[in-house]
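Letter by letter, the chains look like this.
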Amino acid sequence: MRSERSYSDLNEIKYDFSQIYLDKDPREYFRVLGQLDYIIPHVAQPVFEQLIRARAETQDEPVTVLDLGCSYGLNGALMKYALRYDALRERYTDPAMKPLSSDAMLELDRHFYQAWPKHPRVRVIGLDPSESAVRYGEQAGTMDLALPLDLEANDPSPEQANALAAVDLVVSTGCVGYVTSKTFKRLTKLARLGRPAWVASFVLRMFPYDDIAATLATLGLETERFEAATFVQRRFANFDEMEATIKAVEARGLDPRGRESDGLFHADLFVSRPPAEIARRRVQKLVSVVSGVNKPWPVGTHALGSLAWAARAQRRKQQRKLAAAS
Ligand SMILES: C[S@@+](CC[C@H](N)C(=O)[O-])C[C@H]1O[C@@H](n2cnc3c(N)ncnc32)[C@H](O)[C@@H]1O
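Reading the values: rules and limits
Sequence order as written defines residue numbering, which begins from 1 separately in each chain. The predicted nature of this model means local features are confined to residues of pLDDT at least 70 and side-chain atom pairs, given and counted, to a pLDDT of 80 or more, with totals for whole chains, interfaces and linings taken over all residues. Every helix listed is a DSSP run of H or I at least four residues long, and every strand listed is a run of E at least two residues long, numbered separately from the N terminus. By the convention adopted here, residues make contact when the C-beta atoms placed from their backbones lie within 7 Å. Field definition: a residue is buried when 20 or more other C-beta atoms are found within 10 Å of its C-beta, exposed when 12 or fewer are, and partly exposed for counts in between, with C-beta atoms placed from the backbone. Here the rule is simple: two strands pair whenever DSSP picks up at least two bridges between them. Using a C-beta atom placed from the backbone, a residue is scored as near a molecule or strand whenever that atom is within 6 Å of it. Under the scheme applied, nonpolar residues are Ala, Val, Leu, Ile, Met, Phe, Trp, Tyr, Cys and Pro; charged residues are Asp, Glu, Lys and Arg; polar residues are all the others, including Gly. Every axis in this analysis is a line fitted to C-alpha atoms, fitted for helices over the stretch in contact. Angles between the N-to-C directions lie between 0 and 180 degrees. Angles are sorted into four bins: roughly parallel if under 35 degrees, roughly antiparallel if over 145, roughly perpendicular if 65 to 115, and oblique for all others. Directions pointing from the helix axis toward each C-beta atom define the arc. One nonpolar core equals one set of buried Ala, Val, Leu, Ile, Met, Phe, Trp, Tyr and Cys residues connected by C-beta atoms within 7 Å. Every residue gets a pLDDT, meaning the predictor's confidence in that residue, from 0 to 100.

This paragraph deals with the overall build of the protein chain. Secondary structure summary: the protein chain contains 14 helices and 8 strands in total. The C-alpha extent of the protein chain, read off along each of the three principal axes, is 60 × 50 × 35 Å. Counting only contacts in the protein chain whose residues sit at least 6 apart along the sequence, the fraction spanning at least 24 positions is 82%.

Spelled out as structure tokens, the structure:
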């Protein structure tokens, strides 16, 4: 059996951006991640939208979504309002916004989100250990409730536990890896009997999802991997990150050609639902997708920009390997 590396070991591969999640507003997040064509909230948006719609068919009350590792609540903004990720990216990287204090930015954001058409039947709870990020999101309106919480290390308070018990759908982008099955074990303890939340996770391909899927199985949830596509998360920050990721992906028995070898982090989509729901409609039928591979960004840099040479070198290496094997 292939032995899987631990998440903390795999996290060493990734460039450390932890500082940008602690800022008082989202501008630094967009400045830094924008340069790397961070795109996963954009490709996740139609998937989350379709899952919310499917879950809404099964209940009368609005759908309560928990965004795990929500940061400033950008997924929340995209689920709650008729807004696109490009619009957010342009807003927070606009040079006119640069001189503003965080308080002034928050005041503008409060009006911005209030004025935007809102999807009426969605409620968003954002969970993240970064108190500054979730508080910003709650006050600005990208989420309805902020839970500054680390379920890897701590149990929720009774009040937080009540809020978590009402969740219908758990979503995440760029978060598995920071969270492990420990977080999901704490969440499953709170689940409503007979009506557990569905779970949709976008997971970088170097991270195994088996332990989390096994934890969700204890609630009677079956996990499907969306097989038709993988999803671009962002460009690699440098060659070391690219090389180490390719090795980690290969060590999991996956083929990096056309994905990581082209200079891009790719994520898989895992969706966990009760078997009866899956029998009614498999995930392949439930969601239609954009993968991000051919996304023409209106602003910012081009995917692959600085790593094109490395991608070409990787391709040559793979071809030599294949030729030697044949
Ligand atoms: C790559 S960012 C993704 C942010 C957001 N989901 C997005 O895609 O824009 C990872 C996030 O995971 C959060 N995080 C780190 N440890 C966590 C934990 N134990 N539980 C929940 N979130 C965590 C970080 O604070 C950060 O906001």
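Attention shifts here to the pairing of strand β8 (residues 264-273). Among the 10 residues of β8, 9 are classified as buried, and the element is accordingly described as predominantly covered. The pairing of strand β5 (residues 198-204) with β8 spans 6 bridges and is classified as antiparallel. Its bridge partner lying in β8, Val-199 is registered against Ser-272. Alignment of strand β6 (residues 222-225) against β8, held across 4 bridges, turns out to be antiparallel. Opposite Glu-224, over in β8, you have Val-271 as the bridge partner. Sheet analysis places strand β7 (residues 231-235) next to β8, joined by 4 bridges and oriented antiparallel. Within β8, the residue paired with Arg-235 across the bridge is Leu-264.

Next up on the list: the site of the ligand. Surrounding the ligand, one finds 21 residues, the nearest of these being Gly-69, Ser-71, Thr-173, Gly-174 and Tyr-178. Secondary structure elements with two or more residues in the shell around the ligand: α3 (40-56), α4 (74-80) and β2 (122-128). Of the residues in the shell around the ligand, the class split is 11 nonpolar, 7 polar and 3 charged.

On to the packing of helix α9 (residues 181-190) against helix α10 (residues 210-217). Where α9 meets α10, the closest approach of the two axes is 9 Å, and the angle between their N-to-C directions is 10 degrees. Judged on the interaxial angle alone, α10 and α9 are roughly parallel. Across the interface between the two elements, Ser-181, Phe-184, Lys-185 and Thr-188 from α9 touch Asp-211, Ile-212, Thr-215 and Leu-216 from α10. The class makeup of the residues in the contact of α9 with α10 is 3 nonpolar, 3 polar and 2 charged.

Right, let's talk about helix α5 (residues 85-93) for a bit. Along α5, the residues that are buried comprise Tyr-85, Leu-88, Arg-89 and Tyr-92. Buried positions in α5, seen along its axis, are confined to an arc of 100 degrees and lie on one side of it. Turning to α5, the residues buried within the fold contact α2 (27-35), α3 and α4.

A separate point is the nonpolar core. Counting 83 residues, the largest nonpolar core has Val-65, Leu-169, Val-170 and Ala-200 as its most contacted members. Apart from the residues lying within four places of it in its own chain, the contact partners of Leu-169 are Leu-51, Ile-52, Arg-55, Val-63, Val-65, Ala-197, Trp-198 and Ala-200.

On to the packing of α2 against α5, then. In the contact formed by α2 and α5, the axes pass within 8 Å of each other and the chain directions differ by 110 degrees. Accordingly, the angle class assigned to the pair α2 and α5 is roughly perpendicular. Two secondary-structure elements touch here, α2 through Arg-27, Phe-30, Arg-31 and Gly-34 and α5 through Arg-89, Tyr-92 and Thr-93. Classifying every residue of the contact of α2 with α5 gives 2 nonpolar, 2 polar and 3 charged.

We now examine unusual backbone geometry. Despite not being glycine, Asp-37 shows a phi value in the positive range, around 50 degrees. Phi at Ser-71 is positive, roughly 55 degrees, even though this residue is not glycine. With respect to the secondary-structure elements, Ser-71 resides in the loop between β1 (63-68) and α4.

With that settled, the discussion passes to the environment of Pro-46. Take Pro-46: it is sitting in helix α3. Owing to 14 C-beta atoms within 10 Å, Pro-46 belongs among the partly exposed residues under this scheme. When the C-alpha positions of Pro-46 and Ser-288 are compared, they lie 7.5 Å apart, and in sequence the two are 242 residues distant. Excluding anything up to four places from it in sequence, Pro-46 contacts Ser-288, Val-289 and Val-290.

Bringing the environment of Gly-141 into the picture now. Tracing the backbone through its elements, the reader meets Gly-141 in the loop between α7 (131-140) and β3 (145-148). Assessed through the 22 C-beta atoms surrounding it within 10 Å, Gly-141 is described here as buried. The spacing of Gly-141 and His-111 is 30 residues in sequence and 9.1 Å in space, taken between C-alpha atoms. In contact with Gly-141, not counting residues within four places along its chain, are Arg-110, Tyr-113 and Gln-114.

Per-residue pLDDT for the protein chain averages 90, and the proportion of residues at 70 or more is 93%. Taken as a whole, residues 297-305 scores under 50 in pLDDT and shows 17 contacts with residues more than four places along the chain or in a different chain.

Further remarks concern the environment of Val-179. Relative to the assigned elements, Val-179 resides in the loop between β4 (169-173) and α9. Measuring from C-alpha to C-alpha, the distance between Val-179 and Val-293 comes to 26 Å, with 114 residues separating the pair along the chain. Apart from residues no more than four positions distant in its own chain, Val-179 is found in contact with Leu-68, Gly-69 and Glu-152.

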